[in-house]
Amino acid sequence: MSLKVAVLMGGQSFEREVSLESGKRVCAALEEAGYKVVALDTNDALVPTLRSEKPQVVYNALHGKHGEDGTIQSLLEFLGIPFVGSPAHMCHRAWNKDSLHSSLEKYRDITGEAGIASWPQGVYIARDAFKDMGAAMALDMVPERIIGGYPVCVKPAHGGSALGIHRVDDQEQLGEAVLDALSYDDAVNIEQWIEGVELSVSILGTGWDAHALPPVEIVAREGFFDAEARMAEGRVDFFCPVRLASLSPDEADAQAMRAEIERAALEVYHAYGVRDFGRVDMIWDGGSARCFEVDVSPGMTNRSLFPMACEAAGITLPALMDTLVQHAYERGVSF
């Protein structure tokens, strides 16, 4: 039976163009895998269109707000349409980057495990605290509130594609960086700046069947892997799998470090309860995996990290889509 799959893309988030690019590539892969595809640019006609088209599965290629914060997932759950990816409650929790430490701590309390993943220490401040409560007058406290002081990382508490992320080296740069981050979101995280090997670990599967794909090593030629570097050609070099020499000059030690990196990513994945697929971003600081976030709707463009990991693992994009759609279809029956 050839299933009808609706691919949601576009939307109105800051990541609209990336989403459209991902969606087009997903559509092509699904068609190559033999599915009937309905491409939908998300707008106010979405629900009537879904009810008319009656897709048997939805693939969510939306990035950013509405696509990753639980909005589209809760809508699809209400409509009773099986979809690829994590459920609404999980997406809502993961959307807040500040939830990582509490999610891992709760998971460790439940499992009794000591844990592998770590995270940068930092503070979360809402826009209303700046706007209505004078928080901007306390930014001089940042060096004493962040372990190690400057440099610090300033970023929107929600969102993706590294939009609004800044390295701040001193007090003079801090206010402008906070304002820019808040232009993308209603809250900001100010946290330790971590140096090391930047990595992205893609994971495929659900529960204890989940497994890590080869980690992608990310090397920015200048600065760091910010939004501009992600969109421009020739600004970043990617190595998949991660080069062992980047981890340690001793091959055995490097292999052990890579295994720990993958275990740390899986711990984050399990702690949140991610379903089907996801991506955990981190920096290996030489001694531990410092995790930043989990991406519940990984990009699928020709520059995206998840397809790179799949290619290194010998998984084609049509084969990946076939696996994801079949698992989603088996979970439920469309209306």
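Structure shown above.
Residues numbered from 1 in each chain as written. Predicted model: local features only at pLDDT ≥ 70, side-chain atom pairs only at ≥ 80, totals over all residues. Heavy atoms only, no water.

1. Structural notes on the overall build of the chain
Point 1. Helix and strand counts for the chain stand at 13 helices and 13 strands.
Point 2. In terms of overall size, the chain behaves like a compact globule, its C-alpha atoms giving a radius of gyration of 20 Å where 335 residues would be expected to give roughly 20 Å.
Point 3. Projected onto the principal axes, the alpha-carbon positions of the chain cover approximately 60 × 55 × 45 Å.
Point 4. Across the 335 residues that make up the chain, the buried fraction comes to 52%.
Point 5. When contacts within the chain are restricted to residue pairs at least 6 apart in sequence, those whose partners lie at least 24 apart make up 68%. (Helix = DSSP H or I, 4+ residues; strand = E, 2+ residues; numbered from the N terminus. Rg over C-alpha atoms; globule rule 2.2 N^0.38 Å. Buried < 20%, exposed > 50% of the residue type's maximum accessible area, 1.4 Å probe, protein only. Contact = heavy atoms within 4.5 Å.)

2. Brief notes about the side chain of serine 86
Point 1. Residue position: serine 86 is located in the loop between helix H3 (71-79) and helix H4 (88-95).
Point 2. In this structure serine 86 comes out as buried when scored by relative accessible area, which is 2%.
Point 3. Every residue in contact with serine 86, bar those within four places of it in the chain, is listed here: Gln73, Cys91, Val274, Arg275 and Val296.

3. Section: the packing of aromatic side chains
Point 1. With the rule as written, the count across this model stands at 3 aromatic pairs.
Point 2. On the basis of an interplanar angle of 70° and a centroid distance of 4.9 Å, the ring pair of phenylalanine 14 and tyrosine 184 is categorised as edge-to-face. With phenylalanine 14 in the loop between strand S1 (4-9) and helix H1 (16-32) and tyrosine 184 in the loop between helix H8 (171-182) and strand S7 (187-192), this residue pair connects regions lying 170 residues apart in the sequence.
Point 3. We classify phenylalanine 14 as exposed; its relative accessible area is 57%.
Point 4. The interplanar angle of 80° and the centroid separation of 5.5 Å between the aromatic rings of phenylalanine 277 and phenylalanine 306 together place this pair among those described as edge-to-face. Remark: phenylalanine 306 occurs in helix H12 (residues 305-312) and phenylalanine 277 occurs in strand S12 (residues 277-284); sequence separation between them is 29 residues.
Point 5. Judged by its relative accessible area of 2%, phenylalanine 277 is buried.
Point 6. Judged by its relative accessible area of 0%, phenylalanine 306 falls in the buried class. (Phe/Tyr/Trp six-rings, centres within 6.5 Å; stacked < 30°, edge-to-face > 60°.)

4. Remarks on the pairing of strand S13 (residues 289-295)
Point 1. Of all 7 residues in S13, 6 are buried; the element is thus mostly enclosed.
Point 2. Bridging between S12 and S13 involves 6 bridges; their strand directions are antiparallel. Each residue of the ladder has a partner; that of isoleucine 283, found in S13, is arginine 290.
Point 3. Linkage of S12 to S13, two consecutive antiparallel strands, is achieved through a turn of 4 residues, within which glycine 286 is found at a positive phi near 105°. (Pairing = 2+ DSSP bridges.)

5. Focus: the sheet that holds S7
Point 1. Sheet architecture is open: 4 strands sit in the order S4-S7-S5-S6, paired in antiparallel fashion. Edge strands, defined here as strands with exactly one partner in the open sheet, are strand S4 (122-126) and strand S6 (166-168). When strand polarity is set aside, the average angle formed by the axes of neighbouring strands in this sheet is 25°.
Point 2. Two elements, strand S5 (residues 152-156) and S7, share 5 bridges in a ladder whose sense is antiparallel. Paired with lysine 155 across the strands is asparagine 189, a residue of S7. (Axes fitted to C-alpha atoms, helices over the stretch in contact; angles between N-to-C directions.)

6. As for helix H5 (residues 100-111)
Point 1. The end-to-end C-alpha separation of H5 is 16 Å, in line with the 16 Å expected for 12 residues at 1.5 Å each.
Point 2. Of all the positions in H5, only Leu100, Ser103, Leu104, Tyr107 and Arg108 are classed as buried. The buried residues of H5 occupy an angular sector of 130° when projected down its axis, which confines them to one face. Exposed positions of H5 whose direction lies more than 90 degrees from the buried face are Lys106, Asp109 and Ile110. (Expected span 1.5 Å × (residues − 1). Arc of directions from axis to C-beta.)

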